Amino acid sequence: MISLKQLNYAIAVDKQRHFKRAAEECAVSQSALSTAIAELESQLGLQIFERNNKQVLVTVQGMRVLAKAREVVAGVKDLYRLSEQEQAPLSLPLSLGVIPTIGPYLLPQALPWVREQHPNSQITIIEEQSAVLVDKVRNGELDTAILALPYPIEGLHAFEFWAEDFYLVTHKADALAGKTRVAGKQLRDTRLLLLKDGHCLKDHALSACRLPASETDQALAGTSLHTLIQMAAGRLGSTLVPEMALDALLGSNRELVAIPLQDPGPHRRLAFITRLNYAGVPNVEYLKGLFREALLKKDSSNDLKNRS
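Keep in mind it's a predicted model, so treat the numbers as computed, not measured.

The subject of this paragraph is the pairing of strand S7 (residues 166-171). Burial runs high along S7: six of the six residues are buried. When S7 meets strand S11 (residues 256-260), the two strands line up antiparallel, connected through five bridges. The residue bridging His171 from the neighbouring strand is Leu256, located in S11.

Here it is as structure tokens:
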């Protein structure tokens, strides 16, 4: 069987036209190189080199063999390069699920940083509620998904990368608007606007305030955080918003105020979920790191703004 080592030795001899210098280039002894070349010629049944004490010449058949040898060696190098590319972070397409109470606020912060670091990455985004995303990850329709924990994900990996607290968002005319912090028990007499059933943010918000669902006004439920904010601006009640979404939802709105909850946090934790046997777990862990970097960069820039 012809070996790659033999082909590399032959190419080196052709380049140097000298066995000793070729052996030095290949970091082997001259006798080992000569033996390998002789074995190659024997296996092929033809002579590649004419050699004497003064010079090394390439035979006509040898020229054709060496041309093919270079193609073979180049092809093998291409295989190694392909393998390296396949193993490189985010080199393969990746499908990512995200829930509606995270996607519109996290992705604009994180994806530009991911694209900056990996401009050729191919990430497909799917937005669904938590229960749907968990099923899609379990059955292989999605590679990974970003959820807010706690949430039941038995049998799946969870790679946490961020934690945050909730803020009470209310109209500036509300009785609580002047508070620097507000406790969950203070919201028992407040018309609290929440998302409809099926959104895990509703459960997280109630848990953060230690309020049972029976004490909330079920008639005033929204389908999105944006809707809840508009309802609060219309003085229909107050709502709870995760810190990540504050800038996007409130913007320059001067009618609303955001008050941090006094109840101990974090009130929700963000995590990538994957299957236990998913082959792309290293990619997910790498992406988790990039998302965290992007959020930390945003936090740092906000700190600088607050100091200036």
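Another point: helix H3 (residues 30-44). If you check H3, its first and last C-alpha atoms are 21 Å apart, about what 15 residues at 1.5 Å a residue would give, namely 21 Å. Every buried residue belonging to H3 is among Leu33, Ala36, Ile37, Leu40 and Glu41, and all of these are buried. With its buried residues spanning 135° around the axis, H3 presents them on a single face. Projecting away from the buried face of H3 at angles above 90 degrees are the exposed residues Ser31 and Ser42. Lining the buried residues of H3 we find helix H1 (4-16), helix H2 (19-26) and strand S1 (49-51). Downstream of H3 by one or two residues, Gly45 has phi in the positive range, about 75°.

For the rest of this paragraph, the subject is the sheet that holds strand S3 (residues 94-98). Strand pairing in a sheet relies on backbone hydrogen bonds, with the paired strands running either antiparallel or parallel. Judged by pairing direction, the sheet is mixed, and its five strands sit side by side in the order S4-S3-S5-S12-S6 without closing on themselves. Edge positions in the sheet fall to strand S4 (123-127) and strand S6 (156-164), since each of these pairs with one other strand and no more. Direction aside, neighbouring strands of the sheet carry axes that sit 25° apart on average. Lying over the sheet, helix H6 (residues 130-138) contacts S3, S4, strand S5 (144-149), S6 and strand S12 (268-275), oriented at roughly 140° with respect to S5.

Rules and cut-offs
Residues numbered from 1 in each chain as written. Predicted model: local features only at pLDDT ≥ 70, side-chain atom pairs only at ≥ 80, totals over all residues. Heavy atoms only, no water. Buried < 20%, exposed > 50% of the residue type's maximum accessible area, 1.4 Å probe, protein only. Helix = DSSP H or I, 4+ residues; strand = E, 2+ residues; numbered from the N terminus. Pairing = 2+ DSSP bridges. Expected span 1.5 Å × (residues − 1). Arc of directions from axis to C-beta. Contact = heavy atoms within 4.5 Å. Axes fitted to C-alpha atoms, helices over the stretch in contact; angles between N-to-C directions.

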